[in-house]
Amino acid sequence: MRGVTQVLVLCTVMVAIQAAMIESNIPLPDENAWWGPGEAKEVDTSIRSFKVRFQKKMIKDLRYRLKNHRPFTTPLIDSGFNYGFNSATLEDWASYWSNSYNFTERESYLNLYPHFKTNIQGLDIHFIRVRPVVPEGVPVFPILMLHGWPSTPLEFYKVIPLLSEYSEERDFALELIIPSLPGFGFSDATSKQGLGATEMSVIFRNLMHRLGFEKFYIHGGDWGAYICYSLASLFPDEVIGYFTNYGISLSPASWITWFLGSLGEGAQNLVVQKELAGRLYPATTLLKELMIKTGYLHIQATKPDTIGVGMGDSPIGLLAYILQFVSMAVRNANIDKEDGGLLDHYSRDELLDNLMIYWSQNNFNTACRIYAETLNMRNVNNGWFSLNTPVPVSLIQADNELLYMSTPMLQHIYTNIVQNKAIEGAGHFLASEVPEVFSKALLESIDLFRDWHRKNACKEEL
Ligand SMILES: *[C@@H]1O[C@H](CO)[C@@H](O)[C@H](O)[C@H]1NC(C)=O
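Residues numbered from 1 in each chain as written. Predicted model: local features only at pLDDT ≥ 70, side-chain atom pairs only at ≥ 80, totals over all residues. Heavy atoms only, no water.

### Let's talk about the packing of helix 12 (residues 304-313) against helix 15 (residues 364-374)
A pair of packed helices can be characterised by two numbers: the angle between their axes and the separation between those axes. Axis separation between helix 12 and helix 15 bottoms out at 9 Å; the angle between their running directions is 160°. In this view, helix 12 runs roughly antiparallel relative to helix 15, as classed from their interaxial angle. In this structure, helix 12 meets helix 15 at a crossing whose hand is right-handed. Contact residues: Pro304, Asp305, Ile307, Gly308 and Met311 in helix 12; Phe364, Asn365, Cys368, Arg369 and Ala372 in helix 15. A per-class count over the contact of helix 12 with helix 15 returns 6 nonpolar, 2 polar and 2 charged. (Axes fitted to C-alpha atoms, helices over the stretch in contact; angles between N-to-C directions. Helix = DSSP H or I, 4+ residues; strand = E, 2+ residues; numbered from the N terminus. Parallel < 35°, antiparallel > 145°, perpendicular 65-115°, else oblique. Left-handed = near helix turned anticlockwise from the far one by under 90°. Contact = heavy atoms within 4.5 Å. Nonpolar A, V, L, I, M, F, W, Y, C, P; charged D, E, K, R; others polar.)

In structure tokens:
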């Protein structure tokens, strides 16, 4: 009997929340907002070719700082990464970065794919664009792919060939557009307040229009996932499908659903499949884990400019901060390892390539501001966490991801989930950790989106 009551309460609350959301009047962000310096003005709207360059002066200064760091604090005995980055391996990192990392070779690697910049709303936005070579008659679909924090477009390097090379097994090919988020990578940062993830979705939609795409697919992980969520919600007619490896919903309705699932077994079975329940419950365990993992998020959401000072000044400090996050986000078990398990999943070079972008561009600080500019009352008051979208959404969620979201939690924001696949043995940076798994799931999702549209077109005709 108790189970039935819980189910009824759960259903009533979910229906009430949905109704409240439909009635709310959600303001759209300004599609022409000017994020450049000073007042809005006419700008060059051409698309310019761009190459990554590591300046000699920057390298010399970086090496000096790596060699002249002060002594590291001795780690506590057997503490692994439980207190943060364990200093036992820091000297190896500093020495590799300054003595063995081949700046010339890595610079060429970064330039493996064609880079561009174009000015959108006052900011130079950087992107990689890879076009497939296809036989005549094969349609090419554009896909916008967005990274998050602490990533850069490099996160997608290993999947670029897997996704963009035409295969006879498919009756379509993909053209990839992979930008740096504003304030990240090689894109400009703004000097004005208010450029959060929702506003960034407008910038990327404008970028796609600039490139001549009126309708396109999207993919995002981490903050990229949140930006894609905004894009699909604000411009549902332009997004033909959204694939993500991060099922994030900040909508209160999703979290109330999660909470109700903690009230008893009957309710829990409605929220999550039995075999995945361990990813969400017990609720207290999930909350405890989130508390332990998300300290970085709180400081970046409130005082990014404080943490930015040290990270902009010390390359080894930057390394410790970012790689500790990577260690945690890749595998839960890494927290007990003295080396953070970093080299079990990635080479030193590829981890340093990503750091090189943050260091050489000196934009750790501006990248962190996305937290402060999104996780705030403006977004709450505008209802931007509770937008929903009819765009078909396909998810693949790894067991070591920071957060798992079940379909009933996500349905408050995604009304057409075509797939929500759970996978084992991978973490937060799916595209760089398991490029084959990621690419296969993305390509399969394109087929699912096309099927969905075919079926829906039939419905409309009826
Ligand atoms: C660095 O890489 C470049 C290009 O691959 C190569 O010519 C050079 O010898 C390398 N330098 C060292 C010190 O290995």
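### A word on the side chain of serine 445
With respect to the helices and strands, the residue serine 445 is situated in helix 19 (residues 435-461). Of the polar contacts made by the side chain of serine 445, one reaches the side chain of serine 394; its length is 2.7 Å. Look past the residues within four positions of serine 445 in its chain and what remains in contact with it is Phe243, Ser394 and Gln419. (Polar contact = N/O pair within 3.5 Å; in protein donor to acceptor, adjacent residues only side chain to side chain.)

### So, the UniProt feature "domain: Epoxide hydrolase N-terminal" (unreviewed entry) in the protein
Mapped onto this numbering, the UniProt entry gives "domain: Epoxide hydrolase N-terminal" (unreviewed entry) at residues 47-156. Each end of residues 47-156 is marked by a C-alpha atom, and these two atoms are 22 Å apart; helix forms 28% of the span and strand 23%. (UniProt positions renumbered as here; feature names shortened; annotations may be inferred.)

### Focus on the side chain of glutamate 238
Mapping glutamate 238 onto the fold places it in the loop between helix 7 (223-234) and strand 7 (239-244). One polar contact links glutamate 238 to arginine 205, side chain to side chain, over a distance of 2.7 Å. Those residues within four positions of glutamate 238 in sequence are excluded, and the remaining contacts are Arg205, His209, Glu214, Lys215 and Phe216.

### A word on the layout of surface pockets
Considered as a void within the structure, the largest pocket measures approximately 620 Å³ in volume. Around the largest pocket sit 19 residues that line it, and Ile248, Leu250, Thr294, Leu297 and Leu403 are the ones nearest its centre. Broken down by secondary-structure element, the contributors of at least two residues to the lining of the largest pocket are helix 7, helix 10 (283-293) and helix 11 (295-302). Tallied by class, the residues present in the lining of the largest pocket amount to 15 nonpolar, 2 polar and 2 charged. Of the domains in this structure, domain 1 (1-51 + 114-279 + 385-462) and domain 2 (53-110 + 294-380) are the two that each give at least three residues to the lining of the largest pocket. Considering the residues around the second largest pocket, the lining is formed by 21 residues, among which Ile292, Lys293, Gln324, Met328 and Ile335 are closest to the centre. Looking at the lining of the second largest pocket, the elements that each hand over two or more residues are helix 10, helix 11 and helix 13 (315-330). (1 Å grid on protein atoms, 1.4 Å probe; cavity = no way out; pocket = protein on both sides within 12 Å on 5 of 7 lines; lining within 4 Å. Points joined across faces, edges and corners; volume = space filled by probe spheres on them. Domains from an automatic or database assignment.)

### So, the UniProt feature "active site" (unreviewed entry) in the protein
Under the present numbering, the feature "active site" (unreviewed entry) in UniProt falls on Asp222, Tyr371 and His428. Lining residues of the largest pocket drawn from the annotated list: Asp222 and Tyr371. In this structure, aspartate 222 sits in the loop between strand 6 (216-220) and helix 7. The residues touching aspartate 222, leaving out its near neighbours within four places in the chain, are Gly148, Trp149, Tyr246, Tyr371 and His428. One polar contact links the side chain of aspartate 222 to the main-chain amide nitrogen of tryptophan 149, over a distance of 2.8 Å. Residue position: histidine 428 is located in the loop between strand 9 (417-423) and helix 18 (430-433). The residues touching histidine 428, leaving out its near neighbours within four places in the chain, are Asp222, Asn245, Tyr246, Phe325, Ala329, Val330, Asn400, Glu401 and Leu402.

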